[in-house]
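Summary of the model geometry
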Amino acid sequence: MEHAVLVLNANYEPINVTNFHRALGLMLTEKASLILNGRGVIHTARAEYPIPSVIRLQQMIHSPHPHVRLTRREILRRDQYTCQYCGRQTSTLTIDHVLPRHMSGAHTWTNVVAACSSCNHRKGGMSLKESGMTLINFPKEPPHSANYIFGHYLPDNQEWSTFLQGW
Ligand SMILES: [Zn+2]
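Attention in this report is confined to the structure presented alongside it. (Residues numbered from 1 in each chain as written. Predicted model: local features only at pLDDT ≥ 70, side-chain atom pairs only at ≥ 80, totals over all residues. Heavy atoms only, no water.)

With respect to the environment of Asn19
Looking at the secondary structure, you find Asn19 in strand E2 (residues 14–19). Separated by 129 residues in sequence, Asn19 and Tyr148 place their C-alpha atoms 20 Å apart. Leave out the neighbours within four places in its chain, and Asn19 touches Glu2, His3 and Val5. Of note is the side chain of Asn19, whose polar atom sits 2.8 Å from the backbone nitrogen of Arg22. (Helix = DSSP H or I, 4+ residues; strand = E, 2+ residues; numbered from the N terminus. Contact = heavy atoms within 4.5 Å. Polar contact = N/O pair within 3.5 Å; in protein donor to acceptor, adjacent residues only side chain to side chain.)

Here is the structure:
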């Protein structure tokens, strides 16, 4: 029962993704209301509850606009699962620090790229200049749009699409 549930702020801005149990808890305590079901109901001994797809908070929460978290999965997604040195799409992509960590290279969006293991090995502990290698795209932080941030949920949750537009 691992349904992802999109959480909208009171102004309909998408702010989070939660699981079914937390979403149901928010609804039962009237902190959130059901916006979209489309997934049927779950039966317990005493009652039946909708399986929400999208819920909306009753009270506006002042949370900062969500950013894409700097994780391996998100770096690979930003770089379209493509080695940023040779352009190959392989299943063995690694994360390369463009300016290596031992040269004080930061673990930030602008210093990490997807690299295949052979390019990563070839570059070794060298800076970009020392290695003589070039980058296909200069790394930058991905967009903050809701469409991008929650985009990896879309294949399994097509119905969210209209709620993500424009944020
Ligand atoms: Zn490569």
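Things to note about the nonpolar core
Ranked by size, the top nonpolar core spans 17 residues in total, and within it Leu6, Val17, Val54, Phe150, Trp160 and Leu164 carry the most contacts. Every element with two or more residues in this core is listed here: strand E1 (4–8), helix H5 (146–149) and helix H6 (161–164). Dropping the residues within four chain positions of it, Val54 is found in contact with Val5, Leu6, Leu8, Ser33, Leu34, Ile35, Leu36, Trp160 and Phe163. Core analysis: the next-biggest nonpolar cluster, separate from the first, contains 12 residues, Leu93, Val98, Cys119 and Met133 among them. (Core = buried A, V, L, I, M, F, W, Y, C linked by side-chain atoms within 4.5 Å. Buried < 20%, exposed > 50% of the residue type's maximum accessible area, 1.4 Å probe, protein only.)

So, the coordination of the zinc ion
The zinc ion binds to the protein through Cys83 (SG), Cys86 (SG), Cys116 (SG) and Cys119 (SG), with metal-donor distances spanning 2.3 Å. Around the zinc ion sit 4 donor atoms; with metal-centred angles ranging over 102 to 116°, the donor geometry is tetrahedral. In the primary structure, the donors to the zinc ion are separated according to the pattern C-x2-C-x29-C-x2-C. With Cys86 in the loop between helix H2 (72–78) and strand E7 (93–97) and Cys119 in helix H3 (residues 117–123), the pair connects residues that are 33 residues apart, well separated along the chain. The exposure class of Cys119 is buried, given its relative accessible area of 5%. (Donors = N, O, S within 2.8 Å, 3.2 Å for Na, K, Ca; no water. Tetrahedral: all angles 85-135°; square planar, octahedral: opposite > 155°, others 65-115°.)

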